[in-house]
Amino acid sequence: MAEMTLHTAGTDQLETARQSSAGRSSRTMHSGKHLRQTLIALTEGTKLAEHQSPGDATIMCLRGQVTLHCGTRTVVVTEGHLVDVPAQRHDLVADTEALVLLTVGLG
């Protein structure tokens, strides 16, 4: 099995996002019984529409900057920062070209 770094996978995902009309691309990095990790690449201005988290979740910004909106709360997540994703409905917008690692607990 070939070893791949998040940096290498992220570079590939960003290239795919740039070529996508949706401005995004994702790849599941780990999917187990209790945990899923997804690498998400977003071009600047791309929005992940309002949605509900399926369980406990965090977002770590690996490159760029994103903003998490949840009701009246707004959280700017910059490169290298990790934030909890609220259990209520929220959306995510790429302020710049961005790469995030979404980790979700699966009950």
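Provided above is the structure to which this section pertains.
In this text the structure is predicted, and so the values were computed from the model without any measurement.

J.: Explain the environment of Gln-88 to me, please; I cannot follow it from the model alone.
T.: Relative to the assigned elements, Gln-88 resides in the loop between β7 (82–84) and β8 (90–94). The class of Gln-88 is partly exposed, set by a relative accessible area of 47%. Separated by 30 residues in sequence, Gln-88 and Thr-58 have C-alpha atoms that sit 13 Å apart. Excluding its chain neighbours within four sequence positions, the residues that come into contact with Gln-88 are His-51, Gln-52, Cys-70 and Gly-71.

J.: Any chance you could explain the nonpolar core here in plain terms?
T.: Soluble globular proteins tend to pack their nonpolar side chains together in the buried interior. One finds Leu-42, Ile-59, Val-66, Val-77, Val-83, Leu-92 and Val-100 to be the most contacted residues of the largest nonpolar core, which totals 17 residues. Of all the secondary-structure elements, those providing two or more residues to this core are β2 (35–42), β4 (57–63), β5 (65–70), β6 (73–78), β8 and β9 (98–105). Once residues within four sequence positions are removed from consideration, Val-77 is found in contact with Cys-61, Gly-64, Gln-65, Val-66 and Val-83. Counting 7 residues, the second largest nonpolar core, distinct from the first, contains Leu-14, Ala-17, Leu-39 and Leu-99.

J.: Sorry, what's going on with the layout of surface pockets here?
T.: To find leftover empty space, a probe the size of one water molecule is rolled over the atoms. Volume-wise, the largest pocket comes out at about 210 Å³. Forming the boundary of the largest pocket are 16 residues, of which Ile-40, Leu-48, His-51, His-90 and Leu-102 lie nearest the centre. Secondary-structure elements contributing two or more residues to the lining of the largest pocket are β2, β3 (47–51), β4, β8 and β9. When residues of the lining of the largest pocket are assigned to their parent elements, the largest contribution, 3 residues, is made by β3. The class makeup of the residues in the lining of the largest pocket is 11 nonpolar, 4 polar and 1 charged.

J.: Honestly, the sheet that holds β5 in this entry has me stumped. Any pointers?
T.: What holds strands together in a sheet is hydrogen bonding between their backbones, with the strands either parallel or antiparallel. Taken together, 4 strands build an open sheet; the order of strands is β3-β8-β5-β6 and the sheet is antiparallel. Lying at the two open borders of the sheet, with one neighbouring strand each, are β3 and β6. Across the sheet, the axes of successive neighbouring strands diverge by a mean angle of 15 degrees, strand direction being ignored. Where β3 and β8 come together, 3 bridges link them in antiparallel fashion. Residue pairing in the sheet places Lys-47 in a bridge with Val-93 of β8.

J.: Help me understand the pairing of β5, please; the structure alone is not making it clear to me.
T.: Regular strands have side chains that alternate between both faces of the sheet. One ladder, built from 6 bridges, connects β5 with β6; its direction is antiparallel. Counted as the bridge partner of Gln-65 is Thr-78 from β6. Here β5 folds back onto β6, and the loop between the two strands holds 2 residues, one of which, Gly-71, carries a positive phi near 60 degrees. Here 4 bridges tie β5 to β8, and the two strands are oriented antiparallel to one another. By the bridge assignment, Val-66 is partnered in β8 with Ala-94.

Rules of the game
- Residues numbered from 1 in each chain as written.
- Predicted model: local features only at pLDDT ≥ 70, side-chain atom pairs only at ≥ 80, totals over all residues.
- Heavy atoms only, no water.
- Helix = DSSP H or I, 4+ residues; strand = E, 2+ residues; numbered from the N terminus.
- Buried < 20%, exposed > 50% of the residue type's maximum accessible area, 1.4 Å probe, protein only.
- Contact = heavy atoms within 4.5 Å.
- Core = buried A, V, L, I, M, F, W, Y, C linked by side-chain atoms within 4.5 Å.
- 1 Å grid on protein atoms, 1.4 Å probe; cavity = no way out; pocket = protein on both sides within 12 Å on 5 of 7 lines; lining within 4 Å.
- Points joined across faces, edges and corners; volume = space filled by probe spheres on them.
- Nonpolar A, V, L, I, M, F, W, Y, C, P; charged D, E, K, R; others polar.
- Pairing = 2+ DSSP bridges.
- Axes fitted to C-alpha atoms, helices over the stretch in contact; angles between N-to-C directions.

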